Amino acid sequence: MKAYFAPFVILLVICIGFGALTAQNAKGVGPSELEKLIPGLLEKSDTPGMSIALMRDGRTVWTGAFGVKNSETGGAVTENTIFEAASLTKPVVAYSALRLVDEGKLDLDTPLNEYLGNNYDVGDDPRLDLITARRVLSHSSGFPNWRNRDAKVLPITFEPGAKFSYSGEGFVYLAKVIEHITGKDLDKYVTESVFIPLRMSESSLDWKKEYFETKTFNHDSLGKPRDQNAEKGVNAAASLHTTAGDYAKFALAISKGTGLKEKTAKMMLEPQISVDKEKAPELAWGLGVGLETTRNGRFLWHWGDNGFNRSFVIANIDTGDGVVLLTNGANGLSFLDDVLDASLGGTHPSAKWLGYERYDSPARVLFKAIIATSADQALKEFR
């Protein structure tokens, strides 16, 4: 009997150990490990600066600041340094729209044209009457991401509701409706309906004069400074200025349904449309946020990319574990997998779907070698 019992015990110990390891990997590591990891990732990816917030069990347990605001003039990134959050603006505007839904002032399924009554700048396309707040928030409006600069009208490129297609133009359109309903500029309304209630004191959709001192510069793929996108004005799809700590407050609020009626909060985090049934069956879009469902749980997520700065947020809807990262470089998401593995563990198909080139990809390594030496020498070493 002992001969049979011993292997069983060994197998049981192995299974328990594997289960503990899996649980640990699904949770990620703590701040001390991230503090060791991140500086090397920034250096290898030519990303000058980064701000990060780590969430555990529904609260922010750590915020970290790394690198510099400007790679040429310096200035250390701190927890209060302002970053350009790019498309992380969209979930904020979506939340503000859902506040209007709760007040009975905006209906998710009423054509937005009924609120404005002017065909916007689409023209006579009858499909405009199929574009609703729900379809804008779920990126199924039919609008392109951005119109061509010389386009006289904003085109509708497919039947609204037929598929997922990411669109900043849709959010700009929805913002016009929000302003019409509230009688307020978008920045003022979002401040009153989102930033003040959630105590996001470092956040704004509009440029502030103090940002000349407190905001990072954007940087290209070699880490060279570009500009601050100063005084660009309000854009419902892309103009949020914030900190990682502030945005973590927002991510936790929507994961808990704070500030929304229970039905509305639940609907925000329910799949409205599939992102790509064949290539990314785990991904869908809710009302303003991406959704990811894996064996590790249900997550809300979104990313930001204004070209020379990149950002990402992800949070477990059920446990409140998550991470926010804001960077001031074009390669700021080239190490996304590393940060997600360290902070959350598990697998995250959202990162794969985004498809950003890794900082250590063969093409990137070769490119850096050419810059450091010469094309001939780099190719010789590469081969």
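Residues numbered from 1 in each chain as written. Predicted model: local features only at pLDDT ≥ 70, side-chain atom pairs only at ≥ 80, totals over all residues. Heavy atoms only, no water.

Undergrad: Report on the overall build of the chain, specifying residues and quantitative values.
TA: Looking only at helices and strands, the chain features 14 helices and 11 strands. Considering only intrachain contacts with a sequence separation of at least 6, the fraction spanning at least 24 residues in the chain is 63%. (Helix = DSSP H or I, 4+ residues; strand = E, 2+ residues; numbered from the N terminus. Contact = heavy atoms within 4.5 Å.)

Undergrad: Provide a residue-level description of unusual backbone geometry, including the pertinent values.
TA: Positive phi, close to 55 degrees, is recorded for Ala86, a residue that is not glycine. Its location among the elements puts Ala86 in strand S4 (residues 83-86).

Undergrad: Break down the layout of surface pockets for me, with residues and values.
TA: Here the largest pocket is characterised by a volume of approximately 400 Å³. Along the walls of the largest pocket sit 17 residues, with Glu84, Asn229, Asn235, Ala238 and Asn306 positioned nearest its centre. Counted by class, the lining of the largest pocket contains 5 nonpolar, 8 polar and 4 charged residues. Of the volumes computed, that of the second largest pocket is approximately 170 Å³. Around the second largest pocket, the lining residues are Val172, Ala175, Lys176, Glu179, Asp185, Leu186, Asp187, Val234, Asn235 and Ala236. When residues of the lining of the second largest pocket are traced back to their parent elements, those giving at least two are helix H6 (168-182) and helix H7 (186-195). (1 Å grid on protein atoms, 1.4 Å probe; cavity = no way out; pocket = protein on both sides within 12 Å on 5 of 7 lines; lining within 4 Å. Points joined across faces, edges and corners; volume = space filled by probe spheres on them. Nonpolar A, V, L, I, M, F, W, Y, C, P; charged D, E, K, R; others polar.)

Undergrad: Which residues make up the environment of Phe308, and what values go with them?
TA: On the secondary structure map, Phe308 appears in the loop between strand S9 (297-305) and strand S10 (310-316). Considering only alpha carbons, one finds Phe308 and Phe217, 91 residues apart in sequence, at a separation of 9.0 Å. Every residue in contact with Phe308, bar those within four places of it in the chain, is listed here: Asn218, His219, Asp220, Arg226, Asn328, Gly329 and Ala330.

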